[in-house]
Amino acid sequence: MDMEMGSQHFGHQHPVVFKDVLNDQTKEAICLRCGEMVFGSSFSCMECEFYLHKKCAEAPSKIDHPFHRNHPLVLLPEPSYKGCLCHFCGKTCEKSVYHCSCKLDFHVKCALFPLNMAEKKLEELKHVTIKVPLLFTEDDNKELEKLDCFMCWEPLLESMYFSLDCGFNLHKKCVELPHEIKYPFHKRHPLILQFNVDHFSCKICLQKPSGKGFVYSCSPCRFAVHIKCAEFPPILNLPCHRNHPLFLHVKREGRSCHACRENPSFMTCEETQQNKFYRCSSCTFGLHLECALPPLTIKEQIHKHPFSLFWRQVSFICDACGLEGKFVSYICSTCNLLVHKKCISLPPIIRIPRHKHPIFHKYFLQGHQFKDCDCRLCDCRVEIEYGSYSCFNCKFVVHVKCALEKKGWYKEVDPKDIDRKLAIVPKMSTNPIDCVIEKHDDGEMTKIKHFSHKHNLILSKNLIEEHCDGASLMDKYCDGCVLPISNPFYYCSECDFLLHKSCAKSPKQEQLWFHICQRFLILLVGCIFRCDLCQSESNGFSYMCKKCDVHYCLYCATRNYRIKHQAHKHRLFFDRNHKGRCSACNVSVRGLFKCKSCDAFNLHVDCLRLPLTAWHKCDEHRLALTYEEVNKYSEYQFCDICEKKRDSRKWFYHCATCDISAHSYCALGRYPFIKPGSIYNELKDHPHPLTFPVYLRSEKTARPKTETGEIVEDTSEGSSCIIL
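Now for a look at the structure at hand. Small disclaimer: the values here were computed from a predicted structure and weren't measured.

**Some remarks on the overall build of the protein chain**
A count of helical and extended segments in the protein chain gives 13 helices and 48 strands. For the protein chain, the residues scored as buried account for 48% of the 724 residues in total. A sequence separation of at least 24 residues applies to 52% of the contacts in the protein chain between residues at least 6 apart. Of the roughly 37,800 Å² of accessible surface on the protein chain, 51% is carried by carbon and sulfur atoms.

**Here's the deal with the sheet that holds strand 39 (residues 562–563)**
Strand pairing in a sheet relies on backbone hydrogen bonds. The paired strands run either parallel or antiparallel. Strands sit in the order 39-40-41-42 across an open sheet of four strands; the sheet is antiparallel. Of all the strands in the sheet, the pair left with one neighbour each is strand 39 and strand 42 (602–603). Relative to strand 41 (residues 588–595), strand 40 (residues 572–581) runs antiparallel, the two being bridged by seven bridges. Paired with glycine 580 across the strands is valine 589, a residue of strand 41.

**Observations regarding the nonpolar core**
Counting residues in hydrophobic clusters, the biggest one holds 192 residues, and the most contacted among them are Phe88, Tyr98, Leu287 and Leu603. Considering every element that reaches this core, the biggest residue donor is helix 2 (residues 108–118), with eight residues.

**Observations concerning the pattern of salt bridges**
Pairing of side chains with opposite charge becomes possible as their charged atoms draw close. Tallying each qualifying case throughout the model produces 13 salt bridges. Lysine 173 serves as the salt-bridge partner of glutamate 231, at 3.9 Å between the closest nitrogen and oxygen. Of the two residues, glutamate 231 is situated in the loop between helix 5 (227–230) and strand 15 (235–238) and lysine 173 in helix 4 (residues 172–175); the sequence distance between them amounts to 58 residues. One salt bridge in this structure joins lysine 596 and aspartate 379, with 3.8 Å as the shortest N-O distance. One end of the pair, lysine 596, is in the loop between strand 41 and strand 42; the other, aspartate 379, is in the loop between strand 24 (359–362) and strand 25 (388–391), with 217 residues separating them in the sequence. Lysine 596 gets classed as partly exposed once you look at its relative accessible area, which sits at 45%.

**Brief notes about the sheet that holds strand 16 (residues 241–249)**
Read across the open sheet, the four strands follow the order 15-16-17-18; overall the sheet is antiparallel. Either end of the sheet is taken by a strand with one partner, and the two such strands are strand 15 and strand 18 (286–288). If you compare each strand with its neighbour and ignore which way they point, the axes differ by 30 degrees on average. Summarising the sheet, strand 15 and strand 16 pair through three bridges and their orientation is antiparallel. When the bridges of strand 16 are listed, leucine 238 appears paired with histidine 241.

**Concerning the packing of aromatic side chains**
Under the definition given, this model contains 15 aromatic pairs. When the centroid spacing of 6.0 Å and the interplanar angle of 80 degrees are considered together, the rings of phenylalanine 67 and phenylalanine 195 count as edge-to-face. Of the two residues, phenylalanine 67 is situated in the loop between strand 5 (62–63) and strand 6 (73–76) and phenylalanine 195 in strand 12 (residues 186–195); the sequence distance between them amounts to 128 residues. The structure contains a cluster of three or more aromatic residues connected by ring pairs, namely Trp513, Phe514, Tyr552, Tyr561, Phe573, Phe574 and Phe593. A cation sits over an aromatic face here: lysine 508 above phenylalanine 451, 5.6 Å from the ring centre. Positioned over the ring face of phenylalanine 652 is arginine 646, at 4.2 Å from the centre of the ring.

Criteria and cut-off values
- Residues numbered from 1 in each chain as written.
- Predicted model: local features only at pLDDT ≥ 70, side-chain atom pairs only at ≥ 80, totals over all residues.
- Heavy atoms only, no water.
- Helix = DSSP H or I, 4+ residues; strand = E, 2+ residues; numbered from the N terminus.
- Buried < 20%, exposed > 50% of the residue type's maximum accessible area, 1.4 Å probe, protein only.
- Contact = heavy atoms within 4.5 Å.
- Areas by Shrake-Rupley, 256 points an atom, 1.4 Å probe, with all protein chains shown as cover.
- Pairing = 2+ DSSP bridges.
- Core = buried A, V, L, I, M, F, W, Y, C linked by side-chain atoms within 4.5 Å.
- Salt bridge = Lys/Arg side-chain N within 4 Å of Asp/Glu carboxyl O.
- Axes fitted to C-alpha atoms, helices over the stretch in contact; angles between N-to-C directions.
- Phe/Tyr/Trp six-rings, centres within 6.5 Å; stacked < 30°, edge-to-face > 60°.
- Lys NZ or Arg CZ within 6 Å of the ring centre and 35° of its normal.

Printed below as a string of structure tokens:
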């Protein structure tokens, strides 16, 4: 039944009419106060499009809100400033708002809802059943992971909650919170539950407020604690420390947690929990909050059974990661597994750049199936009776700690995607040889058409006799890697184009083990670039990542993380965490190719790029890369190019026939990896193209990595696109 409300205009110029049900459903009726669709009981104007929900129309013009006792909230027809945000839900205010001089603003609905809740007017909750997360399906839980409680802003999955038609989601325990509490760390005054508007940090976790939700606070003393922090008991009696009680302290005071201190790089508590600490006043025993108050049971996707809390007063080895733990552990009695709390939530399938297939987490491996059990990330032994990540088909295995050391270095894989494809497949053909024109009887390609060059290429196995004009190739360089040409190689009979046989086989698309985005990189030719790995300028072939906008030279791209170098008798393995001095340049860096056998040889990426031979006009012979001094007399340790003293700890180039020695940078020149005769057309402040001449390699102005010859401490970890 319609009822004309002539005496109530609600700020509107015409009389409004009350309707139990909105009759005109052909148009979208929007409430002018809350901005939401109008359904059910409402007020409307007969002459124009003016609608108000019944609750919005009856909203008081001023509220003395129990959660903001300092000042009243005044209803305004529109926000008082541009970009106004509601302090309850965090969304933009565009219609009417409740405003306070404390710079506090609320949507009409967001102000009335906590008011009704504070006054225990929970009529709108009567028809809603309390929801228990454990009874939900997997899809429901994924949706819940995105939702937070509108009071404490903690995840809804933690406990039972109300889900309201108006869009507010609340923990059941938050609805029942008391207005005032007596807190043991602030005995002078009670703490009052109120809107989080004073912007002072929580005294327990020391975090600054987010600007949303509620806190327990004492405004005169500027003392506040989060709702969750207020629930922590001040005293604990735990089975792991039975002699004395543990007391809650708001600062760590330099003490370490006895539960997780053994492996701080992987098994530590969250950074946000570091200031919440329980410690014993009689001894040095202490625990982080997460270690002192762990949940009783945990169920995650990595294991089919739930894990139960198991207090243990001695150390143990985690069955999931193989690392040591203390006191706090979880057990699956069905499978006889004992694990760290954090290991329960390990991703079951991940992908890392060092392997083309996804790798799976296993709690143990069979010894007869994995004979070579060295970790492919740290080159140390993997104990197969404990958890690790592995690829069964390739016999590839890594430690859990190494695989998950940094968040950006691995990607979780959905198990549903495994059945479709095990490896990432390139979008186009990767074969760089467009056509094979001639072959030997043994199948070797002697004449090919390569995608990088317009003419046919001919295979040569002798540097002088089989070349097209019989000229010496002492100063010739491969157009792929820009290193001195060597057997076997392809050459062009019509122009000066040379290509090592191995470089000619470089695929047009490739995944690189050190590139973090794990995409296929495209092989490019004919451009001058700076390698993002060795930082050398080059105009050879490069692999480019369009997403990261980086180039890698062909030499760096074709190096594996396990190499054999002529300077050392043992195999070298790249360890991204190893810090030491490079045996070639004596510079201290993090991330080196190291020798595990003798632990006395290190080589970093820049020095790995040094060619084994170099040509220079100071000598008619090729100069060989030399790793140690033959002549021990200090007066003879000079560079014959720049005539300055050499450092005996650094590699150099030497001609044994002529007894000529040179710094590596003097022998190679300033641009050693730009092929002589190359043309540069991209100089903006010069009208003509520039040519890199052959004699550039004899420049005496070439700058070494350290101008003074002193040792440089370098702890940088390289580009964000590289996971070396």
